[in-house]
Amino acid sequence: MTIRNRKPLIALIVAAGSVLAIPAMAQSAKQQAAHAQNEAAQAQQAAAQAGKAADQATDAAAAASAQANGGGQTWASIDTDGNGTISKSEAQVNAGLAQVFDQADANKDGQLSADEYKAYVAAQQAGAGAAGPAAGQGR
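About the criteria used
Residues numbered from 1 in each chain as written. Predicted model: local features only at pLDDT ≥ 70, side-chain atom pairs only at ≥ 80, totals over all residues. Heavy atoms only, no water. Helix = DSSP H or I, 4+ residues; strand = E, 2+ residues; numbered from the N terminus. Buried < 20%, exposed > 50% of the residue type's maximum accessible area, 1.4 Å probe, protein only. Contact = heavy atoms within 4.5 Å. Areas by Shrake-Rupley, 256 points an atom, 1.4 Å probe, with all protein chains shown as cover. Lys, Arg positive; Asp, Glu negative; His and termini not counted. Salt bridge = Lys/Arg side-chain N within 4 Å of Asp/Glu carboxyl O. Polar contact = N/O pair within 3.5 Å; in protein donor to acceptor, adjacent residues only side chain to side chain. Phe/Tyr/Trp six-rings, centres within 6.5 Å; stacked < 30°, edge-to-face > 60°.

Looking only at helices and strands, the protein features five helices and two strands. Along the chain direction, N to C, the helices and strands of the protein fall in the order α-α-β-α-α-β-α. Classification of the 139 residues of the protein by burial places 17% in the buried group. Of the contacts formed within the protein by residues at least 6 apart in sequence, a portion of 37% connects residues at least 24 apart. Element-wise, carbon and sulfur atoms account for 59% of the exposed surface of the protein, whose accessible area totals about 10,000 Å².

Here you go:
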């Protein structure tokens with residue numbers, strides 16, 4: 001038996017190969033999408049950890065500032081009325097806090113919240129870090 005016309009056979013083989021290649025490409029696309037989602041999740045986790053580290057650094061800076069300026073005072077010990085914020089009069093027990101109170105009170109309501117103070121400390125740390133290298137470059 002001889003094969004007289006090979007073109008239909010070749011076309012059938014090519015068609016079968018195409019049909020088998022489509023699921024492989026789809027699976028590859030699914031793997032790529034899953035990989036991209038995994039990378040995005042890892043990036044979000046890293047960002048959350050960086051945020052936590054920044055909060056811890058801010059808390060440590062606030063604690064160090066409190067110790068240096070007020071002998072180990074805590075937020076709760078300064079907040080004598082226990083309302084969660086520090087008034088200008090409450091801040092007077094800590095010389096460093098009293099000095100920066102108006103700058104740290106972002107919404108100017110006369111009450112300093114912990115978030116306002118953290119934001120102020122973070123801004124001061126960022127400003128000090130940015131000023132350092134610039135000072136050495138002005139030769």
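A separate point is the side chain of Asp105. Within the secondary structure, Asp105 sits in the loop between α4 (95–104) and β2 (111–112). For the buried Asp105, no salt bridge is present, and the opposite-charge side chain at shortest range is Lys108, 6.0 Å distant. Looking at Asp105, its side chain comes within polar contact range of the main-chain nitrogen of Asp109, at 3.2 Å. Excluding residues that lie within four positions of it along the chain, Asp105 makes contacts with Gly110, Gln111, Leu112 and Glu116.

Time to look at the packing of aromatic side chains. Throughout the structure, instances matching the rule amount to one aromatic pair. Considering the side-chain rings of Trp75 and Tyr117, the 6.0 Å spacing of their centres and the 45° angle between planes classify their relative orientation as tilted. Of this pair, Trp75 sits in helix α2 (residues 75–78) while Tyr117 is found in helix α5 (residues 114–136), placing the two residues 42 residues apart along the sequence.

Note that all results are geometric; they support no functional claim without further evidence.
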